[in-house]
Amino acid sequence: MTKATAAALVLFSGGQDSTTCLALALDRYARVETVGFDYGQRHRVELDQRAAIRESLGRSFPAWRKRLGDDQVIRIEALAQISTTAMTHDVEIVADGRGLPNTFVPGRNLVFLTLAAALAYRRGIKHIVGGMCETDFSGYPDCRDDTVKAMQLALNLGMDAHFILETPLMWLDKAATWRLAETLGGTALVDLILEATHSCYLGERAIRHDWGYGCGSCPACRLRAEGWRKYIAS
Ligand code: ZN
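Every residue gets a number counted from 1 within its own chain, in the order that chain's sequence is written. Only residues with pLDDT of at least 70 get local features here, since the model is predicted, and only at 80 or more are side-chain atom pairs given and counted; chain-wide, interface and lining totals rely on the full set of residues. Hydrogens and water are ignored here; the side-chain numbers use all heavy atoms of the structure.

*Asks:* Any details on the overall build of the protein chain? Residues and values, ideally.
*Replies:* Only DSSP runs of H or I with at least four residues qualify as helices, and only runs of E with at least two residues qualify as strands; both kinds are numbered from the N terminus onward. When helices and strands are tallied, the protein chain shows eight helices and seven strands. Rg of the C-alpha trace for the protein chain: 17 Å, near the compact-globule value of 17 Å for 234 residues, within the 12% margin. When its C-alpha atoms are laid out on the principal axes, the protein chain stretches across 45 × 40 × 30 Å. We call two residues in contact whenever any of their non-hydrogen atoms come within 4.5 Å of each other. Residue pairs at least 24 apart in sequence account for 67% of intrachain contacts in the protein chain once pairs closer than 6 positions are excluded. When the accessible area of the protein chain is evaluated, it comes to approximately 10800 Å², of which 53% is carbon and sulfur surface. We score Asp and Glu as negative and Lys and Arg as positive, and we do not count His or the chain ends. Where a charge sits is defined by one atom per residue type, namely NZ (Lys), CZ (Arg), CG (Asp) or CD (Glu). Charged side chains of the protein chain number 27 positive and 27 negative; the gap between the two group centres comes to 4 Å. Throughout, radius of gyration means the C-alpha value; the globule benchmark is 2.2 Å times the number of residues raised to the power 0.38. A 1.4 Å probe and the Shrake-Rupley method give the accessible areas. Residues count as covered only by the protein chains that appear here.

Put into structure tokens, the structure is as follows:
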């Protein structure tokens, strides 16, 4: 099966990275489904933006609308139950001794990839696309290329399958991710991502900066703001 006729499942959170991955998949694959995870995150803004982003993509890009298939949101209450991170609990965002912020939810991407693969298995989908990146990132070990490659091996062995875990942003910095969006959908896509996607860990959506909405000071906002500045300067 060539990519032109193949299907993909995109891990779609509603943030800048996963929206860029969704656009890339819509550009490449004949049928694209999306999956999101409600893991008891403190702020649901990002999840709430998902439907709006899917709708905007379909409205602005008719060729993509035909390819955009089902969406599923899977609830995983266990992650919040067994962790006390700043993503799931009302605690201040701080870094540990290794520089890893307490927004890291241990096991999160491992669980996400496992459930996405289980869904892809059921739907007969081979390509699983995620926005994991170890270039401009918060140091989360489950975003690393080695972790994703190891998961691909484990999932294929454990399900006797031939999934391909695709991480098109792995070696791109945030400025290059904006450039990729521009290549895929021009300024219309860049504007859509600016306006509709959400990255801020604090769920702030009242303040609009030139790089989008957010508190401007959490690690996710800082990464997004720096990437945007670098992108518009290039
Ligand atoms: Zn923020």
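Moving on from the coordinates now.
*Asks:* Break down the pattern of salt bridges for me, citing the residues and quoting the values.
*Replies:* Definition used for salt bridges: Asp or Glu carboxyl oxygen within 4 Å of a side-chain nitrogen of Lys or Arg. The final tally for this structure, using the stated rule, is 10 salt bridges. Note that Lys 174 is salt-bridged to Asp 17, the shortest N-O span being 2.5 Å. Here Lys 174, found in helix H7 (residues 174–196), pairs with Asp 17, found in helix H1 (residues 16–28); they are 157 residues apart in sequence, far enough to count as distant. Neither Lys 174 nor Asp 17 differs from the other in exposure class; each is buried. One network of salt bridges, with partners in common, ties together Arg 31, Glu 33, Asp 70 and Arg 123. Three exposure classes are used, based on accessible area relative to the maximum for each residue type with a 1.4 Å probe and protein chains only: buried under 20%, partly exposed in between, and exposed over 50%.

*Asks:* Account for the coordination of the zinc ion, naming residues and giving values.
*Replies:* Distances define the donors: N, O and S atoms within 2.8 Å of the metal qualify, as do those within 3.2 Å of Na, K or Ca. Water is excluded, so some sites may look unfinished. Coordination of the zinc ion by the protein comes from Cys 200 (SG), Cys 215 (SG), Cys 218 (SG) and Cys 221 (SG), over a distance range of 2.3 to 2.4 Å. For the zinc ion, the single-chain donor residues occur in sequence as C-x14-C-x2-C-x2-C. Judged by relative accessible area, Cys 218 falls into the buried class, the value being 3%.

*Asks:* Before we move on, could you go through the pairing of strand S2 (residues 31–38) and cite the residues and values that matter?
*Replies:* Counting buried residues in S2 gives seven out of eight residues, a clear majority hidden from the surface. Two strands qualify as a pair provided that DSSP identifies no fewer than 2 bridges between them. Pairing of strand S1 (residues 7–11) with S2, which is carried by five bridges, proceeds in the parallel orientation. Opposite Ala 8, over in S2, you have Val 32 as the bridge partner. Of the crossover connections in this fold, the one passing from S1 over H1 to the parallel S2 is right-handed. Bridge count between S2 and strand S3 (residues 68–75): six bridges; the pairing is parallel. From the neighbouring strand, Thr 34 faces S3, where its bridge partner is Asp 71. For crossovers, right-handed means that the path from the first strand over the helix to the second runs clockwise, given strands pointing away from the viewer.

*Asks:* Quick rundown of the nonpolar core? Include the residues and the values.
*Replies:* Counting 69 residues, the largest nonpolar core has Val 10, Leu 11, Leu 22, Leu 57, Trp 64, Ile 128 and Leu 189 as the members making the most contacts within it. Element by element, the count of residues in this core is highest for H7, at 11 residues. Those residues in contact with Leu 57 that sit more than four places away from it in its chain are Leu 22, Leu 26, Trp 64, Leu 189 and Leu 192. As used in this record, nonpolar core signifies buried Ala, Val, Leu, Ile, Met, Phe, Trp, Tyr and Cys residues forming a set joined through side-chain atoms within 4.5 Å.

*Asks:* So what's going on with the pairing of S1? Residues and values would help.
*Replies:* On any regular strand, side chains alternate: one points to one face of the sheet, the next to the other face. Along S1, five of the five residues are buried, which leaves the element largely enclosed by surrounding structure. Where burial is concerned, the two faces of S1 agree: the one with Ala 7, Leu 9 and Leu 11 and the one with Ala 8 and Val 10 are both buried. Judged from the three bridges that link them, S1 and strand S4 (residues 127–129) form a sheet pairing that is parallel. Bridging across to S4, Ala 8 finds its partner in His 127.

*Asks:* So what about the sheet that holds strand S5 (residues 164–166)? Which residues, and what values?
*Replies:* The strand order across the open sheet formed by five strands is S3-S2-S1-S4-S5, and the pairing between neighbours is parallel. Each having just a single partner strand, S3 and S5 make up the two edges of the open sheet. Pairs of neighbouring strands in the sheet enclose a mean axial angle of 25 degrees, with direction left out of account. Along the sheet face, helix H5 (residues 108–123) touches S1, S2, S3, S4 and S5 and points at about 140 degrees away from the line of S2. Only C-alpha atoms enter the line fits that serve as axes; for helices the fit covers just the stretch in contact. Angles between N-to-C directions range over 0 to 180 degrees.

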